[in-house]
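For reference, the chains in residue letters:
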Amino acid sequence: MSWGTELWDQFDNLDKHTQWGIDFLEKYAKFVKERIEIEQNYAKQLRNLVKKYCPKRSPKDEEPRFTSCIAFFNILNELNDYAGQREVVAEEMGHRVYGELMRYSHDLKTERKMHLQEGRKAQQYLDMCWKQMDNSKKKFERECREAEKAQQSYERLDNDTNATKADVEKAKQQLNLRTHMADENKNEYAAQLQNFNGEQHKHYYIVIPQIYKQLQEMDERRTIKLSECYKGFADSERKVIPIISKCLEGMILAAKSVDEHRDSQLVIDCFKSGFEPPGDFPFEDYSQNIYRTISDGTISTPKQEGMRIDTKTTVGKAKGKLWLFGKKPKGPAQEDFSHLPPEQRRKKLQQRIDELNRELQKETDQKDALIKMKDVYEKNPQMGDPSSLQPKLTETMSNMDRLRMEIHKNEAWLSEVEGKVAARSDRRHSSDINHLVTQGRESPEGSYTDDANQEVRGPPQQHAHPNEFDDEFEDDDPLPAIGHCKAIYPFDGHNEGTLAMKEGEILYIIEEDKGDGWTRARRHNGEEGYVPTSYIDVTLEKNSKGAVTYI
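Everything numeric in this text was worked out from a predicted model, so none of it was measured.

What follows is about the overall build of the chain. For the chain, the count of helices and strands is 10 helices and 6 strands. Burial status across the chain gives 32% buried among its 551 residues. Taking all contacts inside the chain whose residues are at least 6 apart in sequence as the whole, residues at least 24 apart take part in 71%. For the chain, the accessible area works out to roughly 36500 Å², and carbon and sulfur atoms hold 53% of it.

Turning to the pattern of salt bridges, a few remarks are in order. A complete count under the given rule lists 29 salt bridges for this structure. Lys514 is the partner of Glu511 in a salt bridge, and the nearest nitrogen-oxygen pair spans 3.0 Å. The network of salt bridges with shared partners includes Glu511, Lys514, Arg520, Arg522 and Glu528.

UniProt records the feature "coiled-coil region" (unreviewed entry) at residues 130-174 and 346-380, using the numbering of this structure. Taken end to end, residues 346-380 is 97% helix and 0% strand, and its two terminal C-alpha atoms sit 51 Å from one another.

For the rest of this paragraph, the subject is the nonpolar core. Membership of the largest hydrophobic core comes to 35 residues, with the highest contact counts inside it found for Tyr28, Val32, Leu101, Tyr212 and Leu215. Among the secondary structure elements, those contributing two or more residues to this core are α2 (11-53), α3 (67-159), α4 (165-239) and α5 (241-256). Residue contributions to this core peak at 13 residues, all from α3. Contacts of Leu101, omitting those with residues within four sequence positions, involve Leu25, Tyr28, Ala29, Val32 and Cys229.

Okay, a nonpolar patch on the surface next. Together, Trp20, Phe24 and Tyr230 make up a nonpolar patch on the protein surface, roughly 310 Å² of accessible area in all. Assignment of secondary structure puts Phe24 in helix α2. The exposure class assigned to Phe24 is partly exposed, which follows from its relative accessible area of 31%.

As enumerated under the stated definition, the model contains 12 aromatic pairs in all. With a centroid separation of 5.2 Å and 90° between ring planes, the pair formed by Trp8 and Tyr204 is classed as edge-to-face. One end of the pair, Trp8, is in the loop between α1 (3-6) and α2; the other, Tyr204, is in helix α4, and 196 residues separate them in sequence. We classify Tyr204 as partly exposed; its relative accessible area is 25%. With a centroid separation of 6.3 Å and 25° between ring planes, the pair formed by Phe11 and Tyr212 is classed as stacked. Of the two residues, Phe11 sits in helix α2 while Tyr212 sits in helix α4, which places them 201 residues apart along the sequence. A network of ring pairs unites the aromatic residues Tyr28, Phe31, Tyr230 and Phe233 as a single cluster. Note that Lys225 overlies the ring of Tyr104, its terminal NZ or CZ placed 5.4 Å from the centroid.

Glancing now at the packing of α3 against α4. If you want to describe how two helices pack, look at the angle between their axes and the distance between the axes. Look at α3 against α4: their axes get within 7 Å of each other, and the N-to-C directions meet at 170°. If you check the angle between α3 and α4, you find them roughly antiparallel.

Relative to each other, α2 and α4 sit at 15°, their axes nearing to 11 Å. Regarding the angle of α2 to α4, the classification is roughly parallel. Helix-helix and strand crossings are classified by hand; for α2 and α4 the assignment is left-handed. Its residues placed into classes, the contact of α2 with α4 shows 16 nonpolar, 3 polar and 5 charged.

On to the confidence of the model for the chain. Looking at the chain as a whole, its pLDDT mean stands at 79, while 77% of the residues score no less than 70. Counted against residues more than four places away or in other chains, residues 544-551, with its pLDDT under 50, gives 19 contacts.

Further remarks concern the side chain of Thr67. Positionally, Thr67 belongs in helix α3. In contact with Thr67, other than residues within four places in its own chain, are Ser257, Val258, Asp259, Arg262 and Asp263.

Moving on, we come to the pairing of strand β5 (residues 536-540). Residues Ile536, Val538 and Leu540 of β5 are buried on one face, while the alternating residues Asp537 and Thr539, pointing to the opposite face, are not. Here strand β1 (residues 483-487) runs beside β5; their pairing, made up of 5 bridges, is antiparallel. What sits directly across from His484, in β5, is Thr539.

The next thing to look at is the environment of Lys137. By secondary structure assignment, the location of Lys137 is in helix α3. A residue is classified by how much of its surface remains accessible, and Lys137, at 39% relative accessible area, is partly exposed. Put simply, Lys137 and Asn185 are 48 residues apart on the chain and 7.8 Å apart in space, counted from C-alpha to C-alpha.

A few words now on the side chain of Glu411. Note that Glu411 resides in helix α9 (residues 390-433). As a buried residue without a salt bridge, Glu411 has its nearest oppositely charged side chain in Arg404, at a separation of 11 Å. Contact partners of Glu411, with chain neighbours within four places excluded, come to Ile353 and Glu496.

For the rest of this paragraph, the subject is the environment of Lys392. Looking at where Lys392 falls in the secondary structure, it is placed in helix α9. For the pair Lys392 and Lys367, spaced 25 residues apart in sequence, the C-alpha separation works out to 8.8 Å. Residues within four places of Lys392 in sequence aside, it is in contact with Gln366 and Leu370.

Here we take up the environment of Tyr508. Relative to the helices and strands, Tyr508 is located in strand β2 (residues 506-511). By relative accessible area, which is 35% here, Tyr508 ends up partly exposed. Once residues lying within four places of it in the same chain are set aside, the contact partners of Tyr508 are Ala481, Gly483, His484, Arg520, Ala521, Arg522, Arg523 and His524. Polar contacts involving the side chain of Tyr508 include one to the side chain of His524, which spans 3.5 Å.

Analysis parameters
- Counting of residues starts from 1 at the beginning of each chain's written sequence and follows it residue by residue.
- In view of the model being predicted, local features appear only for residues whose pLDDT reaches at least 70, and side-chain atom pairs are presented and counted only at 80 or more, with totals across whole chains, interfaces and linings using the full set of residues.
- Side-chain numbers come from the whole structure's heavy atoms, not from hydrogens or water.
- Secondary structure is summarised from DSSP: a helix means a run of H or I of at least four residues, a strand means a run of E of at least two, and numbering begins at the N terminus for each.
- Each residue's exposure class comes from its accessible area (1.4 Å probe, protein chains only) as a fraction of the maximum for that residue type: buried when under 20%, exposed when over 50%, partly exposed otherwise.
- Contacts between residues were defined by any pair of non-hydrogen atoms, one from each residue, lying within 4.5 Å.
- Residue exposure ignores everything except the shown protein chains as possible cover, and the areas themselves are Shrake-Rupley values with a 1.4 Å probe.
- Every case where a carboxyl oxygen of Asp or Glu lies within 4 Å of a side-chain nitrogen of Lys or Arg is listed as a salt bridge.
- UniProt positions are given in the numbering used here, feature names are shortened, and annotations may be inferred rather than shown by experiment.
- Take the buried Ala, Val, Leu, Ile, Met, Phe, Trp, Tyr and Cys residues and link them wherever side-chain atoms come within 4.5 Å; each set so joined is a nonpolar core.
- In this analysis, a patch consists of residues with relative accessible area above 30% that form no salt bridge, clustered at 9 Å for like charges and at 5 Å for the nonpolar side chains Val, Leu, Ile, Met, Phe, Trp and Tyr.
- Any pair of Phe, Tyr and Trp rings, taking the six-membered ring for Trp, is counted once the centres come within 6.5 Å. Such a pair is stacked with planes under 30 degrees apart, edge-to-face with planes over 60 apart, and tilted for the rest.
- Ring-over charges, as used throughout, are those where CZ of Arg or NZ of Lys falls within 6 Å of the ring centre and within 35 degrees of the ring normal.
- Lines fitted to C-alpha atoms define the axes, with helix axes restricted to the stretch in contact, and inter-axis angles between N-to-C directions lie between 0 and 180 degrees.
- Each angle is binned into one of four classes, with values under 35 degrees roughly parallel, values over 145 roughly antiparallel, values of 65 to 115 roughly perpendicular, and all other values oblique.
- Note: crossing handedness is left-handed where the near helix turns anticlockwise from the far helix by less than a right angle, and right-handed where it turns clockwise.
- In this classification, the charged set is Asp, Glu, Lys and Arg, the nonpolar set is Ala, Val, Leu, Ile, Met, Phe, Trp, Tyr, Cys and Pro, and all remaining amino acids, among them Gly, are polar.
- Each residue carries a pLDDT value, the predictor's own confidence for that position, ranging from 0 to 100.
- Think of it this way: DSSP has to see at least two bridges between two strands before they count as a pair.
- When charges are counted, Lys and Arg are positive and Asp and Glu negative, with His and the chain ends excluded.
- As used in this structure description, the phrase polar contact means that two N or O atoms lie within 3.5 Å; if the pair is within protein, one of them must be able to donate a hydrogen and the other to accept it, and residues adjacent in sequence are counted only when both atoms belong to side chains.

Given below as structure tokens:
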């Protein structure tokens, strides 16, 4: 099966076919280019979509990290990675398919042009040989006719009795000349004919088959290249399928990570005020003066002067507490967060202490680095002047002192809040038992105002000292153990109030994690402090509140 033998006379059709093959190649290249543009636009739109819905929060934003929100953000990240894989597909198609097709199309056009030029040259050479042969043939034919005319003229003069001998001789010479020229043209025609036949045989059996064979091989290579590009087109997509599958699996895992109970707990941690619910309003008997002289059988509740409660004060205090169920009054933010409810104030103070500890650690590391650099400069003066580091070292030490003072001040506020919360909890349990009183006794519930230090319980004349509960808290006996824990990882415990521990060490639990990531523990020797909850395996006793085992 060869074009050279089967299609020896189809030069024009082969010209059209090879041109169609190149056009088809370029058509497929255009298709791939449009597919690349679609992938690029798709990836761009996906990235814009992710950017539009990604959270734009400042570092100070303290929005609760609900599991449903975290899952959605993880899905956005996976979608962003998916968009990146679409870009990889477009890049792979552009490099492996489209770019290769365009380069091959250019080479194919050059090769086709060369082969067709060779075919046209061969045809032109054959046409030239045919013209030479045809000219010699026509010349031989013409000379033969002239020789015939000369012979007829000679025979006519030779038979004419009136013709002179000179005329006959002249006609004979003319006949011999024409006959000689006819013989020469005959030989030339024979030579040209033989040459043409040889060139024609060479043209149709050697030259043209060779050229057509090259065209056939070129067209077959074009077909093979298309096949490879088809495969590369599919491989570009198939290569990213494993990564795309991981992206989709990540989305599924994000969906499974949603925990409605944890979100509910986050709502509690975010909005819990730490205040107690409002107490019962006391019965205020305004009929005492009216029925003072009525018989003993009449209902009357005598009041002692010392137990008399100012109505305006009671109502005012009660109203001061109703903002918990309505709209919180707006006021300027205080440095000690005293404008916040107790629980929220405790969380804010703990967060500020953690931030200050991190800043202090950075300053400490910087101080150590400056000291080391200063020692190096002192040992190698050519490297630098040690005195140039003194201003920076002084500034760092000043910052460390300032941070320590801030930490100490915030820890004092935190201790005050924790002590009052504990005292309020104890009082709340006692008041729950004796919350019902007779009409003859007035025991108004205290009310909270915006100032966390102002609190009144029982008769108005009994005022508690602001630091009374803190002192009682500090003087209490050691807290009882509510469970035990085992250290999963070692903890250095550099910060004040923390407890260092070794991996595998057993400690007593005296206070559970309140949502801030720290658990209060005690060693066997009585040393107490806070340890990271994520570093320990906690087991609470069965008779303690909320007995669970978690890591």
